[in-house]
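The residues making up each chain are set out below.
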Amino acid sequence: MNIPQLQIQTTRGILGLQIDKPIQEIEQPRATLTQEQPAAILEMSTTRPQLSLDTTEVRADIDLKSPLRRSAENAQYGHQSLMEGIARRAQEGQQLVQIENGGNAIVDIAKQNGTRPQKQLDIQFVGDRTKIQMAFQPGSLTINATPQKAINNVQINKPIHTYTPGKVTGVMEQYPSVQIDWTV
């Protein structure tokens, strides 16, 4: 006896994928940086030192005198010479008054007035440096420095981002099929 047979033949379907990869580009530009350092403010003030030297006495020692001082010294010398002359004449008058007591008052007066006193020879150093009068006022220096802050300007640049999405496409590479046959 023949039994009928059913024959089924299948072909499986093959699904293929077509993939376009995504593209992503990222670029980060550098930040823009501007720096500046202003100079410090410098203020200086000074007072000058003062040195004063008074050489009046030293100059007078070497006979370099001012006209006022010279005339004052001449007036004093004249006054002193006048007083010495008056005293000498008064003394001579007293000697002449006592002539009656005996003595050679006229001869003594003539000897005193007729001969000059002998001068002594000696060495004199002029210009004594210790007579210089000095006065000194020191000066001063004041310095003020004011620092300035640095100026930093930073500009951050955004990243440049380009993105192309990927794509997946399904493609049937082989379609499925079913074949059915009857055999007796």
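Everything that follows concerns the structure shown earlier in this document.
Residues numbered from 1 in each chain as written. Predicted model: local features only at pLDDT ≥ 70, side-chain atom pairs only at ≥ 80, totals over all residues. Heavy atoms only, no water.

This brings us to the overall build of the protein. Check the secondary structure of the protein and you find 3 helices and 12 strands. Relative to a compact globule of 184 residues, whose C-alpha radius of gyration would be 16 Å, the protein shows 67 Å and is clearly more extended. Dimensions of the protein along its principal axes, counting C-alpha atoms only, are 220 × 30 × 20 Å. Within the protein, the fraction of its 184 residues that count as buried is 4%. When contacts within the protein are restricted to residue pairs at least 6 apart in sequence, long-range pairs at least 24 apart make up 92% of them. Taken as a whole, the protein presents about 17,200 Å² of accessible surface, with 54% of it coming from carbon and sulfur. (Helix = DSSP H or I, 4+ residues; strand = E, 2+ residues; numbered from the N terminus. Rg over C-alpha atoms; globule rule 2.2 N^0.38 Å. Buried < 20%, exposed > 50% of the residue type's maximum accessible area, 1.4 Å probe, protein only. Contact = heavy atoms within 4.5 Å. Areas by Shrake-Rupley, 256 points an atom, 1.4 Å probe, with all protein chains shown as cover.)

Packing of helix 2 (residues 67–97) against helix 3 (residues 105–114) brings their axes to within 9 Å, and their N-to-C directions diverge by 155°. If you check the angle between helix 2 and helix 3, you find them roughly antiparallel. Crossing handedness for the pair helix 2 and helix 3: right-handed. Residue-level contacts link Arg-88, Glu-92, Gln-95 and Leu-96 of helix 2 to Ala-105, Ile-106, Ile-109, Gln-112 and Asn-113 of helix 3. Here the contact of helix 2 with helix 3 is built from residues that sort into 4 nonpolar, 3 polar and 2 charged. (Axes fitted to C-alpha atoms, helices over the stretch in contact; angles between N-to-C directions. Parallel < 35°, antiparallel > 145°, perpendicular 65-115°, else oblique. Left-handed = near helix turned anticlockwise from the far one by under 90°. Nonpolar A, V, L, I, M, F, W, Y, C, P; charged D, E, K, R; others polar.)

Attention shifts here to a nonpolar patch on the surface. Residues Leu-15, Leu-17, Ile-19, Val-168, Met-172 and Tyr-175 make up a contiguous nonpolar surface patch of roughly 670 Å² in combined accessible area. The element best represented in the nonpolar patch is strand 2 (residues 14–20), accounting for 3 residues. Residue placement: Leu-17 occurs in strand 2. In this structure Leu-17 comes out as exposed when scored by relative accessible area, which is 56%. (Patch = residues over 30% accessible without salt bridge, like charges linked within 9 Å, V, L, I, M, F, W, Y side chains within 5 Å. Salt bridge = Lys/Arg side-chain N within 4 Å of Asp/Glu carboxyl O.)

A separate point is the side chain of Glu-92. Tracing the chain through its elements places Glu-92 in helix 2. By relative accessible area, Glu-92 is classed as buried at 13%.

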